[in-house]
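An overview of the molecular structure
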Amino acid sequence: MLIDARDPAVELTRETQVLIVGAGPVGLTLAEELADIVDVLLIESGGLEQDPKIDAINAGETIGANYPLEETRTRRLGGSLALWAGWIAPFDAHDFQQRAWVPNSGWPFGRETLEPYFAKSAHRLNLLDPSFDVRELARACEIPLPLDDGVVTPGVWRFGSPTWRFGEADRVRLTSSRGPTVLTHASVVDLRLQNNHDEIKDVAIRTLEGREGKVSADVVVLACGGLETARLLLNANRQKPAGLGNSSGLLGRFFMEHPHLTFESLLLQRPDLLPGTTERRCDGGGREFVINFGLAPEVQKAAQLLNGRAHIYRTPAMSYDELPKVGLFMEQAPNPASRITLSDQRDCLGLRRLILDWQLCELDWSTYRQTQEVFIEFFEQMRAGCRIGKQSAAVSRVAVLHSNHHLGTTRMSECCDEGVVNANCRVHDVENLYLIGGNVFPNVSWANPTFTVIAMTYRLADYLRSMLCNERNLQRQQRDARASGTSAARTESQAIPVSF
């Protein structure tokens, strides 16, 4: 059911079992997965179309590297799907591991924990299968891969057909009899705790027109992206002065992107010698892809580098006659100085606006410089390019580009002192509050985050389904016991949800 919070006939004070805030790809996926077993209310700040008045809430201030806060996100059904270019790749296995040369790295689990959800994620993103085997794809298109000497290794991006946008199919699923209730044009303005401060009591919502209400839920999930999720939690400081989920003091810290930098000292002369790298190819089965190049994990470890992928590209402003460029799409190191804070300026809903201080550290720049040197040798060996001039660190620092990825600001950790959420995405010190999105990534690989985020969403859906079903079964047993005049003891299997 799709309802509009601006409609005076729509009641804004509600109760539900699961409240999901944010109807982007993550919120949509999670809501659809849970709606068949529990009542789900999915609320979205925007509507079906882009609205400049609503998007103006995204404005803020940047004090670090330049970053266009308003251009990189939008408030509407589908959220970031409206901006997504459709590039899909999974994280590498070693991206989940703690690396001694990368401070604050390491996930609470390995890639194998997410792999059972890769097939569903591929289907959701309109991929025919979850395979990212570049050699298999290259063979199918009779593309000879360049040398793989244990230093430079080929990789691949894939593309769904069509690219997932919020459309009629999504609307049909949302409005089906088994779908969630979707409340549009409703923005969260506060999260209020119970008196004991260990769980959410209700969530205050407001429209631009001034209509207000509050939603009570057994489970609250914020799926608002890496900027807005942190901003909401920092603003919710009436009962917790530092903000909700900030007992570690790390809420809003570790903002990461996937910086993109052109190799300034490399001139590409013969892109034709590297087929499948400048234009998308499609194998006989309809799988569309483009080839990139990375450094082997052993090389990264020996040289103490971050992960990255070199790729050949043309900017939208370049003509087809111009020689393409070679750039590095790279992992950013987890850096607590790269962070979100709040300003004294307030938006039209009364919330303090965000300040983004995007900071790259010396490990980021060292990775760029050393990786460029390796790829100059690689392209020269392939007779596809050559060195020009010398590296200029000053130019590199000005020329860094963003990728519209807002990551790491509510990081996942095993210990409550080292992050904001646990391995199941629950806020460490709020029992019924969950956060999902790239904002929970402890470190961010080189790969575009969408595939991994959707896999994590399916994993969270499984966890919540198990937990909610266990609670429902327990409540049923307790009712039966009361009716029969006996007591029902909670067994261990009933008390502890399945671990994922």
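Residues numbered from 1 in each chain as written. Predicted model: local features only at pLDDT ≥ 70, side-chain atom pairs only at ≥ 80, totals over all residues. Heavy atoms only, no water.

Let us now look at the overall build of the protein. Looking only at helices and strands, the protein has eleven helices and 19 strands in total. A compact globule built from 500 residues would reach a C-alpha radius of gyration of about 23 Å, and the protein, at 24 Å, matches this within 12%. Along the first, second and third principal axes, the C-alpha set of the protein runs to 80 × 50 × 45 Å. Counting over 500 residues, the protein shows a buried share of 56%. Residue pairs in contact within the protein that sit at least 24 positions apart in sequence constitute 72% of those at least 6 positions apart. Here the protein displays about 21000 Å² of accessible surface, and carbon together with sulfur accounts for 47% of that area. (Helix = DSSP H or I, 4+ residues; strand = E, 2+ residues; numbered from the N terminus. Rg over C-alpha atoms; globule rule 2.2 N^0.38 Å. Buried < 20%, exposed > 50% of the residue type's maximum accessible area, 1.4 Å probe, protein only. Contact = heavy atoms within 4.5 Å. Areas by Shrake-Rupley, 256 points an atom, 1.4 Å probe, with all protein chains shown as cover.)

As a further point, take a nonpolar patch on the surface. Residues Leu267, Leu323 and Ile388 make up a contiguous nonpolar surface patch of about 230 Å² in total accessible area. Tracing the backbone through its elements, the reader meets Leu267 in strand E11 (residues 266–268). (Patch = residues over 30% accessible without salt bridge, like charges linked within 9 Å, V, L, I, M, F, W, Y side chains within 5 Å. Salt bridge = Lys/Arg side-chain N within 4 Å of Asp/Glu carboxyl O.)

On to the packing of aromatic side chains, then. Enumeration over the complete set of coordinates arrives at 21 aromatic pairs. Arranged with centres 4.9 Å apart and planes meeting at 75°, the rings of Trp87 and Phe159 form a pair that is edge-to-face. Linking Trp87 in the loop between strand E4 (61–62) and helix H3 (118–124) with Phe159 in strand E5 (residues 152–159), this pair joins segments that are 72 residues apart in sequence. Overall, Phe159 belongs to the buried group, its relative accessible area being 3%. Residues Trp157 and Phe329 carry aromatic rings whose centres are separated by 5.9 Å and whose planes lie at 80° to one another, so their mutual orientation is edge-to-face. Taken together, the residues span a long stretch of sequence, with Trp157 in strand E5 and Phe329 in strand E15 (residues 325–330) at a distance of 172 residues. Residue classification places Trp157 among the buried positions, given a relative accessible area of 2%. By the ring-pair criterion, three or more aromatic residues cluster together here, those being Phe263, Phe293, Tyr368, Phe375, Phe378 and Phe379. The lysine or arginine in question, Arg280, covers the ring of Trp87, its NZ or CZ lying 5.8 Å from the ring centre. Sitting above the plane of the Phe159 ring, Arg280 keeps its charged end 3.5 Å from the centroid. (Phe/Tyr/Trp six-rings, centres within 6.5 Å; stacked < 30°, edge-to-face > 60°. Lys NZ or Arg CZ within 6 Å of the ring centre and 35° of its normal.)

Moving on, we get to the nonpolar core. Formed by 145 residues in total, the largest nonpolar core has its most connected members in Leu183, Phe379 and Leu433. Per-element tally for this core: the top contributor is helix H10 (residues 450–484), with twelve residues. Once you skip the residues sitting within four places of it in the chain, Phe379 turns out to touch Leu266, Leu268, Leu274, Ile312, Val326, Ala384 and Gly385. Core analysis: the next-biggest nonpolar cluster, separate from the first, contains five residues, Trp101, Val102, Leu306 and Ala333 among them. (Core = buried A, V, L, I, M, F, W, Y, C linked by side-chain atoms within 4.5 Å.)

What follows concerns the sheet that holds E4. The strand order across the open sheet built from three strands is E4-E17-E16, with neighbouring strands paired in mixed fashion. Two strands in the sheet have a free side with no partner beyond their single neighbour: E4 and strand E16 (339–346). By the bridge criterion, five bridges tie E16 to strand E17 (residues 352–357) in an arrangement that is antiparallel. By the bridge assignment, Thr341 is partnered in E17 with Ile355. (Pairing = 2+ DSSP bridges.)

By the element assignment, Pro162 lies in the loop between E5 and helix H5 (168–174). Residues Pro162 and Leu125, 37 residues apart in the sequence, show an inter-C-alpha distance of 8.6 Å.

Glancing now at helix H6 (residues 225–235). In an α-helix, one turn spans 3.6 residues, which is why side chains three or four residues apart end up on the same side. Taking burial as the measure, the eleven residues of H6 include ten buried ones, the bulk of the element. The set of residues buried in H6 consists of Gly226, Leu227, Glu228, Thr229, Ala230, Arg231, Leu232, Leu233, Leu234 and Asn235. Looking at the buried side of H6, the elements it contacts are strand E7 (187–193), strand E9 (212–222), E16, E17 and strand E19 (433–435).

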